[in-house]
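# A closer look at the structure
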Amino acid sequence: MVVMLELFDMTAVPDLAEIGERYRALRATVRACEARAGRENGSVRIELAAKYQSPERVLSALQAGAELIGHNLIQQLTAGEEALRELGAPAHRTHVIGHVQKNKAGKALDYADCIETVDSLELAQRLNRLAGEKGKALDIFLQVNSSGAQSQFGIEPEQVVDLAGQIATLEHLHITGLMTIGAHSEDAREIARSFEYTRSLRDDLQAAGIASVTELSMGMTGDMEIAIAEGSTIIRVGTAVFGPRP
Ligand SMILES: *Cc1c(COP(=O)(O)O)cnc(C)c1O
């Protein structure tokens, strides 16, 4: 029997064993959402939003099959990755999904496979310079403020194509996707519009010749079904796996 996420109490904090069950249920639910949206099986990846979770809790999800971890805070990324290494955790990739302060860019580069939250030419130039110094190539996503909310980080949608054109010339960076938080709303249509807008920007970038931009990081616990219907390729999920944050 395939266990779906709906069977779990989202207000409860799961123990280590239940984290694994929840991860498998999330995966089954994502497969069902893909099918419902007429999308190919396996076209959506799950990124664990690991902020404020202990390494042991993250390890449980990795042991259940998780392969991608997202961190908001660089401090938690570095400490978390070092602890997971000590614990002998399975291989996985790490992305940065929180705002990157200038003085944290070097550490972010050392520990992350991709920085999803590039939202200015200045940050891109700094990452490019650091990547060059370290002899690395870095995957980045551009964060788009698709809802227009003043409180959200991200590039204004009207500026995405121009800015991507400039960032695409930086030789140590590789723009592979767009990331967005989407509208904070009770209205599913409004949320869908912000995801749809982000997808249309990705299509604009491809039409403008920046063909490397294929990924769409959008959707969280509360709106992942909408995001998958709108073309998300990576959902960032915390609560559905780990329960409410400490
Ligand atoms: C915390 C966080 C998530 C996950 O949110 P949940 O509602 O717990 O699934 C996704 N994206 C970002 C940027 C986050 O900070």
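Described in the following lines is the structure provided in the data block. All of these numbers come straight from a predicted model, not from anything done at the bench.

Here is what the cut-offs are and how they apply
Residues numbered from 1 in each chain as written. Predicted model: local features only at pLDDT ≥ 70, side-chain atom pairs only at ≥ 80, totals over all residues. Heavy atoms only, no water. Helix = DSSP H or I, 4+ residues; strand = E, 2+ residues; numbered from the N terminus. Rg over C-alpha atoms; globule rule 2.2 N^0.38 Å. Buried < 20%, exposed > 50% of the residue type's maximum accessible area, 1.4 Å probe, protein only. Contact = heavy atoms within 4.5 Å. Areas by Shrake-Rupley, 256 points an atom, 1.4 Å probe, with all protein chains shown as cover. Lys, Arg positive; Asp, Glu negative; His and termini not counted. Charge placed at Lys NZ, Arg CZ, Asp CG, Glu CD. Salt bridge = Lys/Arg side-chain N within 4 Å of Asp/Glu carboxyl O. Axes fitted to C-alpha atoms, helices over the stretch in contact; angles between N-to-C directions. Parallel < 35°, antiparallel > 145°, perpendicular 65-115°, else oblique. Left-handed = near helix turned anticlockwise from the far one by under 90°. Nonpolar A, V, L, I, M, F, W, Y, C, P; charged D, E, K, R; others polar. Core = buried A, V, L, I, M, F, W, Y, C linked by side-chain atoms within 4.5 Å. Near = heavy atom within 4 Å. Polar contact = N/O pair within 3.5 Å; in protein donor to acceptor, adjacent residues only side chain to side chain. Expected span 1.5 Å × (residues − 1). Pairing = 2+ DSSP bridges. Right-handed = clockwise from strand over helix to strand, strands pointing away.

### Some points on the overall build of the chain
- When helices and strands are tallied, the chain shows 9 helices and 8 strands.
- For the chain, the C-alpha radius of gyration of 17 Å lies close to 18 Å, the compact-globule estimate for 246 residues.
- If you line up the chain on its principal axes, its C-alpha atoms span 50 × 45 × 30 Å.
- In the chain, which comprises 246 residues, the share counted as buried stands at 51%.
- Once local pairs closer than 6 in sequence are excluded, the contacts in the chain between residues at least 24 apart make up 63%.
- Here the chain has roughly 11,300 Å² of accessible surface; of this, 49% comes from carbon and sulfur atoms.
- Both charge centroids of the chain, one from 24 positive and one from 34 negative side chains, sit 3 Å from each other.

### Some points on the pattern of salt bridges
- Tallied over the full model, the rule gives 10 salt bridges.
- Residues Glu-34 and Arg-31 are paired through a salt bridge, measuring 2.9 Å at the closest nitrogen-oxygen approach. Pair noted here: Glu-34 and Arg-31 are both in helix α1 (residues 16–36), with a separation of 3 residues, about one helical turn.
- Using a relative accessible area of 0% as the deciding quantity, one classes Glu-34 as buried.
- By relative accessible area, Arg-31 is classed as partly exposed at 26%.
- Note that Glu-215 is salt-bridged to Arg-45, the shortest N-O span being 3.1 Å. In this pair, Glu-215 sits in strand β7 (residues 215–217) while Arg-45 sits in strand β1 (residues 45–49), placing the two residues 170 residues apart along the sequence.

### Description of the packing of α1 against helix α2 (residues 55–63)
- As a packed pair, α1 and α2 sit with axes 8 Å apart at the nearest point and diverge in direction by 40°. Relative to α2, the element α1 lies oblique. Two packed elements cross with a definite hand, and for α1 against α2 that hand is right-handed. Along its contact with α1, which presents Leu-16, Ile-19, Gly-20 and Tyr-23, the element α2 presents Glu-56, Arg-57, Ser-60 and Ala-61.
- Counted by class, the contact of α1 with α2 contains 4 nonpolar, 2 polar and 2 charged residues.

### Comments concerning the nonpolar core
- Ranked by internal contacts, the top residues of the largest apolar core, which has 38 residues, are Leu-127, Leu-142, Ile-167 and Leu-178.
- Only α3 (74–86), α4 (105–111), β4 (114–118), α5 (121–134), β5 (138–144), α6 (160–167), β6 (173–180) and α7 (188–207) provide two or more residues apiece to this core.
- Examining the composition of this core, we find that 5 residues originate from one element, α5, more than from any other.
- Here Leu-178 is in contact with Phe-141, Leu-142, Val-144, Val-160, Thr-198, Leu-201, Arg-202, Leu-205, Val-213, Glu-215, Leu-216 and Ser-217, once residues within four sequence places are set aside.
- Grouped together as the second largest cluster of nonpolar side chains are 27 residues, Leu-26, Val-58, Leu-62 and Met-224 included.

### Here's the deal with the site of the ligand
- In the vicinity of the ligand there are 13 residues, among which Lys-51, Asn-72, Thr-221, Thr-239 and Arg-245 approach most closely.
- Between the ligand and the protein, one listed contact pairs an oxygen atom with a side-chain N or O atom of Thr-221 at 2.5 Å.
- The contact in question runs from a nitrogen atom of the ligand to an N or O atom on the side chain of Arg-236, over 2.9 Å.
- For the ligand, the protein covers 87% of the area, taking 380 Å² as the surface of the free molecule.
- Residues that form the shell around the ligand fall into these classes: 6 nonpolar, 4 polar and 3 charged.

### Here's the deal with α1
- Taking 1.5 Å as the rise per residue, α1 with 21 residues should run 30 Å; its terminal C-alpha atoms sit 31 Å apart, in good agreement.
- Those residues of α1 lying buried are Ile-19, Gly-20, Arg-22, Tyr-23, Ala-25, Leu-26, Ala-28, Thr-29, Val-30, Ala-32, Cys-33 and Glu-34.
- As for α1, its buried residues are in contact with β1, α2, α8 (224–229), β8 (234–237) and α9 (239–242).

### Observations concerning the side chain of Arg-57
- By secondary structure assignment, the location of Arg-57 is in helix α2.
- This buried residue, Arg-57, is left without a salt bridge; Asp-15 holds the nearest opposite charge, at 7.0 Å.
- Residues within four places of Arg-57 in sequence aside, it is in contact with Val-13, Pro-14, Asp-15, Leu-16, Ile-19 and Phe-242.

### A closer look at the pairing of strand β2 (residues 68–71)
- Here β2 shows no split at all, with Leu-68 and Gly-70 on one side and Ile-69 and His-71 on the other all buried.
- Bridge count between β1 and β2: 2 bridges; the pairing is parallel. Considered in β2, the bridge of Leu-48 is made with Ile-69.
- Chirality of the crossover, the property in question, places the unit of β1, α2 and β2 among those that are right-handed.
- Where β2 and strand β3 (residues 93–96) come together, 4 bridges link them in parallel fashion. The residue of β3 that forms the bridge with Leu-68 is Arg-93.
- The parallel pair β2 and β3, bridged by α3, forms a crossover whose chirality is right-handed.

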